[in-house]
Every structure is written in C-alpha cells, then in structure tokens.
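# Survey of secondary and tertiary structure
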Amino acid sequence: MKLSVKSDYAARAVLVLARQYHTGTALRVEAIADEQGIPANYLVQILIELKAQQIVRSLRGKEGGYLLARPPAEITMGDILRCIHGEVFDSSALHDPNCAVELREAWKRLQVTMNETAGAITFQQLLDRSLDKEKMYYI
C-alpha cells in the first residue's frame, strides 16, 4: 500500500498549523508552502478539503490565513487520511463475493488495524515528540 503525496502534504500542513495552534494566529498558504516545499496552488486545494472536514478553518483579511479548527490532540492521522482518501485502508476484495472468505477476513483485519493505528496518532503526540527531541539536544 502506498499513500499519496497529497496525504503527506496534508499531514505536513496540519503539523505546521499544530505548531502554531497555541498562538491563535493564522498562517498564510505561502508561509506553509515555503516551509514545507509544497506547491502553493496544490496546498490551497488540500486546505479546502481539510476545511470541509472541519480540520482547519480560514480567516479572511489582513491577518488572514489558515489555522486548526480544533486542538491538535483532537486531530488524528486517521482524520487526515479519511479526508484525503475517504478511507484509511480499502480494498475492492472487501466487497467482492468472488473473493475467498478467508481473504476477505484478512483484508478486514488489515482495515481495522490500520484504522485503529491511524486513529491513535494525534498531532499533539507528534508535537510532544518533537519537543522531546529538542530537549534532548540541550542536555
């Protein structure tokens, strides 16, 4: 299974916004795109999808841009993957009556495991890990 570049870019954008969440300030698309090396036009499309799922919100005006719609602890990798792909993991075999029952059950177990794992990784956990790494460098 290979995830798309789009899901990687979406996760990167959310992580950048998560780092700024405590400030309450919105970030412009260009700032996120430049920091992460993401084409700005493509990032706009991704942010629109994230906004539709209430993962990010936008502000208009001089101080406008994007910010998280809820705390980083309430946003998971599963949320991002479902927003971009519809499902964290899907296989046509799950619904194919010609697929052997044993295989369908195996695909279903994979689907459940991937959903649970992606749903257990919050952006707050990612922030905490990066803070732990920073602390280690100063010891």
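Reference entry: report on the structure contained in this document. (Residues numbered from 1 in each chain as written. Predicted model: local features only at pLDDT ≥ 70, side-chain atom pairs only at ≥ 80, totals over all residues. Heavy atoms only, no water.)

### Some remarks on the pattern of salt bridges
Filter applied, for reference: By convention in these notes, a salt bridge is any Lys or Arg side-chain nitrogen within 4 Å of a carboxyl oxygen on Asp or Glu. The secondary structure listing takes helices from DSSP runs of H or I that are at least 4 residues long and strands from runs of E that are at least 2 residues long, numbered from the N terminus. Each residue is assigned to one of three classes by its accessible area relative to the maximum for its type, calculated with a 1.4 Å probe on protein chains only: buried under 20%, partly exposed between the two thresholds, exposed over 50%.
According to the stated counting rule, one finds 5 salt bridges in the structure shown. A salt bridge links glutamate 49 to lysine 6, with the nearest nitrogen and oxygen atoms 2.4 Å apart. Here glutamate 49 is found in helix H3 (residues 40-52), whereas its partner lysine 6 is found in helix H1 (residues 5-20), with 43 residues between them in sequence. Overall, the relative accessible area of 25% leaves glutamate 49 in the partly exposed class. Between arginine 12 and aspartate 8 there is a salt bridge, and its shortest N-O distance comes to 2.8 Å. Separated by 4 residues within a single helix, arginine 12 and aspartate 8 lie in helix H1, roughly one turn from each other. Owing to a relative accessible area of 29%, arginine 12 belongs among the partly exposed residues under this scheme. The structure contains a network of salt bridges with shared partners spanning Arg70, Asp79 and Arg82.

### Side note on the nonpolar core
Counted only if it meets this: As used in this record, nonpolar core signifies buried Ala, Val, Leu, Ile, Met, Phe, Trp, Tyr and Cys residues forming a set joined through side-chain atoms within 4.5 Å. The contact criterion used throughout is that any non-hydrogen atoms of two residues lie within 4.5 Å.
Ranked by internal contacts, the top residues of the largest apolar core, which has 27 residues, are Leu47, Leu50 and Ile80. Listing elements by their share of this core, those giving two or more residues are H1, helix H2 (29-36), H3, strand E2 (65-68), helix H4 (77-85) and helix H6 (123-137). Tallying contributions element by element places H1 first for this core, with 8 residues. In contact with leucine 50, not counting residues within four places along its chain, are Ala10, Val14, Ile55, Val56, Ile80 and Cys83.

### Remarks on the environment of leucine 17
For leucine 17, the position within the fold is in helix H1. Put simply, leucine 17 and leucine 27 are 10 residues apart on the chain and 7.4 Å apart in space, counted from C-alpha to C-alpha. When residues no more than four places from it in sequence are discounted, the contact partners of leucine 17 are Leu27, Ile32, Leu47, Val56, Tyr66, Leu67 and Leu68.

### What to know about the side chain of glutamine 111
Condition: Any pair of nitrogen or oxygen atoms within 3.5 Å is treated as a polar contact; in protein, a donor-acceptor pairing is required on top of that, and neighbouring residues in sequence qualify only through side-chain atoms on both sides.
Relative to the helices and strands, glutamine 111 is located in helix H5 (residues 101-120). Overall, the relative accessible area of 9% leaves glutamine 111 in the buried class. Only 3.0 Å separates the side chain of glutamine 111 from the side chain of lysine 108, close enough to count as a polar contact. When near neighbours in sequence (up to four residues on either side) are disregarded, glutamine 111 contacts Glu87, Phe89, Asp90 and Leu94.

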